[in-house]
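# Working through the structure, step by step
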Amino acid sequence: MAVAATKSENRPRLGTRTTAVFRRLFSVPEVGVLIPLIAFALIFYLVNPTFLSPANITTMLRAVAYIGIIAIGMTFLLITGAFDLSVGATAGLCAIVCSYAMVNLSWPIPLAVLAGVLTGALVGLVNGFVVLKLGVPAFITTLGMLNIAKGITYLISKGYTIYPLPEPVGVFGEAEPFGTSWAVVIFVLMAIAAAFVATRTSYGRKLYVVGGNPEVARLAGINPARIQLSGFVLVSVCAGIAGMLLMSRIATGQPTIGLGWELNVIAGVVIGGVSLFGGSGSVVGAVIGLLIMQVVTSGLVISNVDPYWQTVAIGLIMIVAVAIDILRRKSKSAA
Amino acid sequence: MTHLLEMADITKRFPGIVALNDVSFAVQAGTIHGLVGENGAGKSTLMKILSGTYPAGTYEGAIRLHGKTLHLHTAADALEQGIGIVPQETSVIDQLTVAENVVVGKWLQPGGLLVSQSAIRHTVRNFLEEYDITLDPAISVSRLTTAQKQLVMIARALYRKPSVLILDEPTSSLAIDEIERLFASLNVLRQKGVTTVFITHKLTEIFELTDRTTVLRDGEVAGEFDRSEYDQALIIAAMVGRRIENLYPTRHSPIGADEVLRVAHLTVPHPTIANRNIVEDVSFSLRRGEILGLAGLVGSGRSETVNAIIGRTAYSGTISVFGQSVSIRSPADAKRAGIALVTEDRKRDGFLPNLEIRPNTTLHSLPQVTRRGLMDVSAERRLATEAVARFNIKAQSIEQMVVSLSGGNQQKVILAKVLMDNPQILFLDEPTKGIDIGAKNEIYKLMLDLVAQGISIIMISSELPELLAMCDRFVVLAEGKVADEFLRLDADEHRVMLAATRARSQITQAAHASASELTA
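Quick caveat, the model's predicted, so the values are computed rather than measured.

Turning our attention to the sheet that holds strand E3 (residues 32-36) of chain B. All names here are of chain B. In spatial order, the strands read E6-E7-E8-E3-E9-E10; together these six strands make up an open sheet with mixed pairing. With partners counted over all chains shown, the strands left at the sheet margins are strand E6 (83-86) and strand E10 (220-226), one partner each. Put simply, the sheet's adjacent strands are angled 20° from each other on average, direction ignored. As paired strands, E3 and strand E8 (residues 195-200) are joined by five bridges and run parallel to one another. Each bridged residue has a counterpart across the sheet, and for Val36 the counterpart in E8 is Thr200. Where helix H1 (residues 43-50) meets the sheet, its contacts fall on E3, E6, strand E7 (164-168), E8 and strand E9 (212-217), and the angle it forms with E3 comes to roughly 130°. Where helix H5 (residues 146-159) meets the sheet, its contacts fall on E6 and E7, and the angle it forms with E6 comes to roughly 165°.

Below is the structure:
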């Protein structure tokens, strides 16, 4: 009988050793999304070699930067187990507040930018308060906030574009540091900082613990509401920064800034393996997810596919990505 | 000798592991057949084969019912062919009535087109009477106790007129008195000719209920016993494969004189019912190095008491730690006061399933592994490695997911997590629930180590023998009130049960008295 026991205990170890390298490689979530990114890039390169030209890569990075900045905040918020649909409208609101302060109130630029950032923080605080204190589901709260922020944007601007913005704003938006734009530089710096915070600080660890199981977090002496509130504020501030960066790029305060961004942000982050249920995901994965989306949209344009197919493709990729994620989870828990 | 149900030479392989190896057993008609074994012995794999969850062809061997070989492909198949399985987890629909829960999936009367509530209620009433099951078909299931919900599930399986009824650990969430009522029902069913397979890991249940028992160990049949041959030592030896000497280790360290915790007039409001308390005016104290047993039936307020002291729920009353009154409003406050809790349900709020062993063990001690907000990765690895060694956690590495560990090892990870923060007062709520005997023994030894170091423990357990063996003093709760308190010297199973149930009958009597006063 003792022989039987040792036999069955040893077998799985022998089996895993041979495939351990592969299994470990694929259990790193970032690898799972890196493969489709490379695959898509290769396919579009074969269709049209200009796809991987430096000019096109720069264009793609510029396009992804605004949504990318918001995605960093969204990744943190999703990891804590909450989410925010109002980021697009918040981006628009912050851009309009900033433009209005500069043009109609003649505030100095730094003060106007600060007003935009604080507007974002305020939106995040309100979202967090309603979700965490009043217990209204995040879906409803932030959907409501989407409409409120959009409405206020139009109330401030009366539906018109605010211009002309002070000259330095346009100059900043047109500048091409490192051959790209300030938005790309800010995005990359923020991504690096966020990846570090998520993996190497106790705040980062708390994000995962709260999202993984708020009750376990509470027992560990962590206040889950406080951590989630920080996520709400962070993502709204990121939205404000992104909105104002686009404002400076187009050198006008357009009330349509940020329209529909929320879905692209969430799609990209989820493609990158960040769980909608909280507790898992990474900044690196989210960035790769966004890049996949950008590669597919740009690739379809460059391959002369009807542009309406772009959104169909994004939708498909998002569903497939989540399906793969769920399958991977299942096989992990079965093992 | 003919058998009703036969499992013949069943072998089930998973990649790299043989879960069942040549398992055969046979069930005689009209008996209750016990299937006993430790966690991981292969009981649930066998059940999944019998219920069609693992379809025919994915295993070797044959299932025969009435001498006819069955080929089961889905769970619905198994039901159709006469195998009625009651799974371990209660799966009732709280919003529906008992009758609807019983017929669920078989809504229509023969020849009917529309669902008729009254017809369903009528049929179910007759059916319940036929089997002597005392449940009101019209009542909403949300108002039933766990034991009654278990009965609803049994009724649901019986309603399909199965040839054999299979109960998978039906008592795991029941209190002692509820178990007795369930057993009475099962005895009635046996008299009515129902054949039952009763799966459990508790020996006492085997002795009390079954006619014959098959013991599984490591996926093989380790023994078969007829009722006339039942012997505790023999069956344990078959289950464990070795004799466990001193399952309950003996305490040698002395109990300190000073009081580390005093709880006075603790009252906790009922979570769902207004104007009712789930814990009422409970007072007790805990001395240094003492193990205090909180006894009582499920629902008597044991867990609610410790959860309130730890700050998970609101309460009134005073708590003093080391002679000083403390205000505990959240688990963070309790942590600062040196109090820690190992929760009752480790899957629900014990560990983080999507993280590895390493971050799980250091969860309560983040300050120990951070320097100015930054994680000290090497310190964390060192602490986690030490914890795995100290608590004898069987894992491939500290980077293994906790969810992939066995129940006993998961529990050790939780203990490691809680103890890394060096609490002085430890609450253990059902610390050995659902883990194998070996791991239980290790946890008992750990408890004695802790009290020898001067840590004080409050232990809650539904397994009375374990509680009686491990604790130095007992507080028995009934209906949220302290019903009795005594030292180990005066403790026995009878006294605990008497206190735990007496209060209940007194309270019902009082309620009856006041009701009759009203009518008079």
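Don't stop here, the text continues.
Residue and element names in this part refer to chain A. All of the buried residues along helix H7 (residues 167-174) are Val169, Gly170 and Gly173. An end-on view of H7 places all buried positions within 95° of arc, on one side of the element. Of the residues in H7, the exposed ones pointing more than 90 degrees away from the buried face are Glu167, Pro168 and Val171. Of the surrounding elements, those touching the buried residues of H7 are helix H4 (87-103), helix H5 (109-133) and helix H11 (224-250).

Listed by partner, the interface residues are 28 residues for chain A and 36 residues for chain B. Both sides together, the interface formed by chain A and chain B hides about 2700 Å², and carbon and sulfur atoms give 61% of it. Connecting chain A to chain B are two salt bridges. Glu215(A) serves as the salt-bridge partner of Arg312(B), at 3.0 Å between the closest nitrogen and oxygen. Remark: the boundary between chain A and chain B carries six residue pairs in polar contact (both at pLDDT 80 or more).

Now for the domain arrangement of chain B. Where interface size is quoted, it is often the accessible area lost as the parts come together. All names here are of chain B. What the domain assignment reports for chain B is domain 1 (5-90 + 164-240), domain 2 (260-338 + 423-520) and domain 3 (349-422). Once you take the C-alpha centre of each, domain 2 and domain 3 turn out to be 28 Å apart. Both faces considered, domain 2 and domain 3 share a buried interface measuring about 1200 Å² in area, 62% of it formed by carbon and sulfur atoms. By the criterion of area lost to domain 3, the three top residues of domain 2 are Lys335, Pro423 and Glu442, representing 39% of everything that side buries. At the boundary of domain 2 with domain 3, the tally comes to four salt bridges. With a shortest N-O distance of 2.8 Å, Asp349 and Arg312 are connected by a salt bridge. Applying the counting rule to domain 2 against domain 3 returns five residue pairs in polar contact (both at pLDDT 80 or more). When contributions to the side of domain 2 that touches domain 3 are tallied by element, the ones reaching two or more residues are strand E19 (425-429) and helix H15 (437-452). Considering every element that reaches the side of domain 2 that touches domain 3, the biggest residue donor is H15, with five residues. When grouped by side-chain class, the residues that make up the side of domain 2 that touches domain 3 number nine nonpolar, two polar and four charged.

Right, let's get into the packing of helix H3 (residues 54-79) of chain A against helix H12 (residues 261-271) of chain A. Residue and element names in this part refer to chain A. In the contact formed by H3 and H12, the axes pass within 9 Å of each other and the chain directions differ by 65°. Where H3 crosses over H12, the handedness of that crossing is right-handed. Counted together, Tyr66, Ile67, Ile70, Ala71, Met74, Thr75 and Leu78 of H3 and Trp261, Asn264, Val265, Ile266 and Val269 of H12 form the full contact between these two elements. Considered class by class, the residues forming the contact of H3 with H12 number 10 nonpolar, two polar and no charged.

Residue and element names in this part refer to chain B. Strand order in the open sheet formed by four strands is E2-E1-E4-E5, with antiparallel pairing between adjacent strands. The strands lining the two open edges of the sheet, one partner per strand, are strand E2 (17-27) and strand E5 (68-70). This sheet shows a mean twist of 30° between the axes of neighbouring strands, independent of strand direction. Summarising the sheet, strand E1 (residues 5-14) and strand E4 (residues 60-65) pair through five bridges and their orientation is antiparallel. If you follow Ala8 over to E4, its bridge partner there is Ala62. Those strands touched by H1 are E1, E2 and E4, and its axis lies near 110° from that of E1.

Thresholds applied
- Residues numbered from 1 in each chain as written.
- Chains lettered and ligands numbered in written order.
- Predicted model: local features only at pLDDT ≥ 70, side-chain atom pairs only at ≥ 80, totals over all residues.
- Heavy atoms only, no water.
- Pairing = 2+ DSSP bridges.
- Helix = DSSP H or I, 4+ residues; strand = E, 2+ residues; numbered from the N terminus.
- Axes fitted to C-alpha atoms, helices over the stretch in contact; angles between N-to-C directions.
- Contact = heavy atoms within 4.5 Å.
- Buried < 20%, exposed > 50% of the residue type's maximum accessible area, 1.4 Å probe, protein only.
- Arc of directions from axis to C-beta.
- Buried area = accessible area lost by both parts, 1.4 Å probe.
- Salt bridge = Lys/Arg side-chain N within 4 Å of Asp/Glu carboxyl O.
- Polar contact = N/O pair within 3.5 Å; in protein donor to acceptor, adjacent residues only side chain to side chain.
- Domains from an automatic or database assignment.
- Nonpolar A, V, L, I, M, F, W, Y, C, P; charged D, E, K, R; others polar.
- Left-handed = near helix turned anticlockwise from the far one by under 90°.

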